[in-house]
2 protein chains.
Amino acid sequence: MEYTFSAKLQNLKPSAIREIFKSLSDPSIIAFAAGNPSPESFPVEELAAISAQIYKENPISALQYSITEGYPPLRNAIAERIKRKFNIGRDFDTTIVVSGGTQGIELAAKVLCNEGDAVICEDPTFIGALNSFRSNGIEVVGVPSDGGVIDPEKLERVIAATPRAKMLYLIPTFHNPMGTTMPMSTRRAIYDICRRHKILILEDNPYGELRFAGEDVPTLKSIDDDGIVIYCSSFSKILSAGIRVGYVCAPEPVIQKMVVAKQVEDVHTNIFFQMVCYRYMTEYDLDGHIKSICDIYRRKSSLMLNALDEYMPKSVKFTRPQGGLFVWCTLPDGIELDKVVKAALERKVAIVPGTAFNCDTSKPSKCFRLNYSTPTDEQIPEGVRLLADAIRSV
Amino acid sequence: MEYTFSAKLQNLKPSAIREIFKSLSDPSIIAFAAGNPSPESFPVEELAAISAQIYKENPISALQYSITEGYPPLRNAIAERIKRKFNIGRDFDTTIVVSGGTQGIELAAKVLCNEGDAVICEDPTFIGALNSFRSNGIEVVGVPSDGGVIDPEKLERVIAATPRAKMLYLIPTFHNPMGTTMPMSTRRAIYDICRRHKILILEDNPYGELRFAGEDVPTLKSIDDDGIVIYCSSFSKILSAGIRVGYVCAPEPVIQKMVVAKQVEDVHTNIFFQMVCYRYMTEYDLDGHIKSICDIYRRKSSLMLNALDEYMPKSVKFTRPQGGLFVWCTLPDGIELDKVVKAALERKVAIVPGTAFNCDTSKPSKCFRLNYSTPTDEQIPEGVRLLADAIRSV
């Protein structure tokens, strides 16, 4: 039997990161290529205690079918928290639970864009989002981002040249892969442009609470008095990634359609762990826990930045993140990225080539992404030393 | 701000069942409209013990990101079990974990069908599948099913008249909503027709193991020597629905594309409960547990069928299921379904009108679906008595 696939899936390849992930099953590899939260960041004992309580007190609700929008107490707790702490949510907004922030991105794309429509993206950006758009037959149009800064004039030109643009996808805070944060002035300028052109903004904020240096920059959603921002975040980086619990805050009409689309994707998100998240939020100190995660990442990012300062050829540039999980490195002209990736892997260090994050995958890149949350404290300087050696070798 | 939605989502309404579900939050309502497994069917103590063990023995793997295909030991255990017990899976097949059988249906539709393609369905059929096809811009074409039997000649005519037909969606065993089982001769005839016309079969089998009377009928997948069947099933009805763990067994090239599509939908299924399912399968007696669930449903279906025999006007016909969760009732000419649904609800009994399951939702129906797994043993005869009273009143 020969199988023919839908046009939208035909050319979609498993992500380069996933393929590199497979090499990570080799425990001797230093995993700078991953994007996993640190194992230290999971509050195992508390989650175990909460789970035992749920089995004791309301096991049937935790194991039975539930409603698509999510566990109502959790929805309320999230909406209350993001309003109180970040001024996210207006009267026209609603918050629902989704199966990780990624599902929020995919649902927004599916309900708002027809095949052939376009989503404008920072270039480079998160490959999962790019593939989510592509898997819905949506065109991805890049607007260059320089350390988290998009030139508003360039954005206007891209919008003018893309009549089928429906949405702008952004990771304004602790960008994946760049690790950079968009300044408030840029956010404000982008917001005004999108409002004028009736382009919705899909704000992806999985790392926003992981700030270990500098001052908070308000989210785009926090200034959204016009109902043009769809805000996605999750518990993946602040509680557990494996439980697949995220949330979306967006205007009610958009949420209504996303709920219909979610219903046919997975009916609802694992209800047991929705209850776990709710209890953790209300019975434990989530903010204190997030502080302790930030302490871990402050330490790990310093280990990486210090090692980069010490070992890297001066011609290699890198970002200095104030939060999140990633450092973005740029090679000087004349050094081929592919050779560096290969030489690093020969030295048992896995990195992600920047090409994986390009809107146009055929475009070359001089950059690569490093992650400091996954490797151990001992692996970080050793891996950077080996990586610098790899770069010098090519 | 005015929002415009994708054409495929624009006309998709939340399912009628979902709307009826909301009435179910009233605890005084007798819930014949639901499709929930019986709360008695959840092995709470065992799941609690397993969960505690996981937190103790491998919490990090259970809380960290995992791979899209699913927890390898669970995939192997499922593949081994369905091969051993049901002869499902050939060398060209692979089994992956999905977030409930529904996700398997949606992924198959997404990767195999372009917008404007058609899926042929038994008419009536599961509304979740119908909406899953519609949400991908796929046309739904019905072929009449009479108590689980499709006339092969009619199917051939529908295929001939539907040049863009890519797939046939079937629930051959303990059909939702009809409760009926397709005879082996019909399965064989349908399989041969689909093979000749190169139409893939999407076999949805969430209830197959819930047989409490009669003899097993082999699945279509068990005779699939040609690689034309995509088989979806889940743990929802045999362990817990709320955990959202299902699986798909299908030819490797199809699975590869489904994995790419799943990756952008939810990255992977909740890994903690994948590990729970694996441990339950290997450390406890899943087959024995399923037997005990069948005992519950044998009792509950008898309560309902006996009450239908006793209270219902003889002009009302109903199916006599040998397994699964549903009884399908047909009103005589001259009694309006809408009035019956309303009169029942006035008597605090919720049923699902057959119109909800029609491929053509504008087509009228004389049928309604009853569920016996959700209501208590006491509610079943009382609810049927009130329902019969409602029918006589209109």
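Residues numbered from 1 in each chain as written. Chains lettered and ligands numbered in written order. Predicted model: local features only at pLDDT ≥ 70, side-chain atom pairs only at ≥ 80, totals over all residues. Heavy atoms only, no water.

1. As for the domain arrangement of chain A
Residue and element names in this part refer to chain A. Assigned domains within chain A: domain 1 (7–43 + 288–393) and domain 2 (45–283). Here domain 1 and domain 2 have C-alpha centroids that lie 24 Å from each other. Every contact between the two is made by 36 residues of domain 1 and, on the other side, 40 residues of domain 2. Buried surface at the junction of domain 1 and domain 2, both sides included, amounts to about 3,100 Å², of which 64% is carbon and sulfur. The largest contributions to the domain 1 side of the interface with domain 2 come from Pro43, Gln322 and Cys359, which together make up 24% of the buried area. On the surface where domain 1 and domain 2 come into contact, there are 2 salt bridges. In this structure, Lys8 and Glu115 form a salt bridge, with 3.5 Å as the shortest nitrogen-oxygen distance. One can count 15 residue pairs in polar contact (both at pLDDT 80 or more) joining domain 1 with domain 2. (Domains from an automatic or database assignment. Contact = heavy atoms within 4.5 Å. Buried area = accessible area lost by both parts, 1.4 Å probe. Salt bridge = Lys/Arg side-chain N within 4 Å of Asp/Glu carboxyl O. Polar contact = N/O pair within 3.5 Å; in protein donor to acceptor, adjacent residues only side chain to side chain.)

2. Some words on the relation of the copies chain B and chain A
Take chain B, turn it by 180°, move it 0.0 Å along the axis, and it overlays chain A with an RMSD of 0.0 Å. Such a combination of turn and shift is consistent with a two-fold rotation axis. Here 100% of the interface residues in chain B have copies in chain A that are interface residues too; the copies meet face to matching face. (Least-squares fit on C-alpha atoms with pLDDT ≥ 70 in both.)

3. With respect to the packing of helix H6 (residues 101–112) of chain B against helix H7 (residues 127–134) of chain B
All names here are of chain B. Closest axis-to-axis distance for the H6/H7 pair is 9 Å, and the angle between their directions is 30°. With respect to their mutual orientation, H6 and H7 come out roughly parallel. The element H6 and its partner H7 pack so that their crossing is right-handed. Judged by residue contacts, Ile105, Glu106 and Ala109 of H6 engage Ala129, Ser132 and Phe133 from H7. Counted by class, the contact of H6 with H7 contains 4 nonpolar, 1 polar and 1 charged residues. (Axes fitted to C-alpha atoms, helices over the stretch in contact; angles between N-to-C directions. Helix = DSSP H or I, 4+ residues; strand = E, 2+ residues; numbered from the N terminus. Parallel < 35°, antiparallel > 145°, perpendicular 65-115°, else oblique. Left-handed = near helix turned anticlockwise from the far one by under 90°. Nonpolar A, V, L, I, M, F, W, Y, C, P; charged D, E, K, R; others polar.)

4. Some remarks on the side chain of Thr269 of chain A
Looking at the secondary structure, you find Thr269 of chain A in the loop between helix H10 (252–266) and helix H11 (271–283). At 2.8 Å, the side chain of Thr269 of chain A and the side chain of Ser99 of chain A are in polar contact. The residues contacting Thr269 of chain A, other than those within four sequence positions of it, are Val97, Val98, Ser99, Gln103, Arg244, Val245, Lys262 and Gln274 of chain A together with Arg244 of chain B.

5. Thoughts on the sheet that holds strand S11 (residues 326–330) of chain B
Residue and element names in this part refer to chain B. Strand order in this open sheet of 4 strands is S10-S11-S14-S13, and the pairing throughout is antiparallel. Where the open sheet ends on each side, the last strands, each with one partner, are strand S10 (317–318) and strand S13 (352–353). Of the strand pairs in this sheet, S10 and S11 are connected by 2 bridges, and their pairing is antiparallel. Within the sheet, the bridge partner assigned to Phe318 lies in S11 and is Cys329. (Pairing = 2+ DSSP bridges.)

6. Looking at the sheet that holds strand S6 (residues 165–170) of chain A
All names here are of chain A. With mixed pairing, the 8 strands of this open sheet are ordered in space as S2-S9-S8-S7-S6-S3-S4-S5. The outermost strands of the open sheet, each flanked by one partner alone, are strand S2 (93–98) and strand S5 (149–150). Along the sheet, helix H5 (residues 72–86) makes contact with S2 and strand S9 (246–251), crossing S2 at roughly 125°. Where helix H9 (residues 184–197) meets the sheet, its contacts fall on S5, S6, strand S7 (200–204) and strand S8 (229–234), and the angle it forms with S7 comes to roughly 145°.

7. Here's the deal with helix H6 (residues 101–112) of chain A
Residue and element names in this part refer to chain A. Here H6 contains 12 residues, and its C-alpha end-to-end distance of 17 Å stays within 8% of the 16 Å for a straight helix at 1.5 Å per residue. Counting buried positions along H6 yields 12 of 12 residues, so the element is predominantly enclosed. The set of residues buried in H6 consists of Gly101, Thr102, Gln103, Gly104, Ile105, Glu106, Leu107, Ala108, Ala109, Lys110, Val111 and Leu112. (Expected span 1.5 Å × (residues − 1). Buried < 20%, exposed > 50% of the residue type's maximum accessible area, 1.4 Å probe, protein only.)

8. Examining the interface of chain B and chain A
Frequently, the measure chosen for interface size is the accessible area removed from exposure when the parts meet. Of the residues lining the interface, 77 residues belong to chain B; the matching set on chain A comes to 77 residues. Note on chain B versus chain A: buried area summed over both sides is about 6,600 Å², and carbon and sulfur give 61% of it. Taken together, the links from chain B to chain A amount to 2 salt bridges. With a closest N to O distance of 2.7 Å, Lys110 of chain A and Glu106 of chain B form a salt bridge. Inspection of the chain B/chain A interface yields 38 residue pairs in polar contact (both at pLDDT 80 or more). Of all the secondary-structure elements, those providing two or more residues to the side of chain B that touches chain A are helix H1 (7–10), helix H2 (16–24), helix H3 (44–57), helix H4 (59–63), H6, H7, helix H10 (252–266) and helix H11 (271–283) of chain B. Ranked by residue count, the leading element in the side of chain B that touches chain A is H10 of chain B, at 10 residues. The residue inventory of the side of chain B that touches chain A, partitioned by class, reads 36 nonpolar, 26 polar and 15 charged.

9. Focus on unusual backbone geometry
Trans is the common state for peptide bonds, and a negative phi is the common state for residues other than glycine. Residue Pro124 of chain B is bonded to the preceding Asp123 of chain B through a cis peptide linkage, with omega at 5°. Topologically, Pro124 of chain B is positioned in the loop between strand S3 (118–123) and H7. Between Asn176 of chain B and Pro177 of chain B the backbone carries a cis peptide bond, its omega angle lying at 15°. Structurally, Pro177 of chain B can be placed in the loop between strand S6 (165–170) and helix H9 (184–197). Positive phi outside glycine occurs at Lys198 of chain A, with the angle close to 55°. Its place among the elements puts Lys198 of chain A in the loop between H9 and S7. Although it is not a glycine, Asn87 of chain B sits at a positive phi angle of roughly 55°.

10. Concerning the pairing of strand S14 (residues 367–371) of chain A
All names here are of chain A. Among the 5 residues in S14, 5 count as buried, and that is most of the element. Every second residue of S14 is oriented toward a common face, with Cys367, Arg369 and Asn371 on one face and Phe368 and Leu370 on the other, all of them buried. Relative to S14, strand S13 (residues 352–353) is paired through 2 bridges, and the arrangement is antiparallel. If you follow Val352 over to S14, its bridge partner there is Arg369.

11. Remarks on the packing of helix H13 (residues 337–346) of chain A against helix H14 (residues 379–393) of chain A
Residue and element names in this part refer to chain A. In contact at an axis separation of 8 Å, H13 and H14 are set at 130° when each is read in the N-to-C sense. Put simply, H13 runs oblique to H14. Where H13 crosses over H14, the two elements pack in a sense that is right-handed. Here Val340, Ala343 and Ala344 of H13 lie close against H14, whose contacting residues are Leu387, Ala390, Ile391 and Ser393. For the contact of H13 with H14, a count of residues per class yields 6 nonpolar, 1 polar and no charged.

12. A look at the pairing of strand S2 (residues 93–98) of chain B
Residues and elements named next belong to chain B. Taking burial as the measure, the 6 residues of S2 include 6 buried ones, the bulk of the element. Burial along S2 is two-sided: the residues Asp93, Thr95 and Val97 and Thr94, Ile96 and Val98 are all buried. Of the strand pairs in this sheet, S2 and strand S9 (residues 246–251) are connected by 6 bridges, and their pairing is antiparallel. The residue of S9 that forms the bridge with Val97 is Tyr247.

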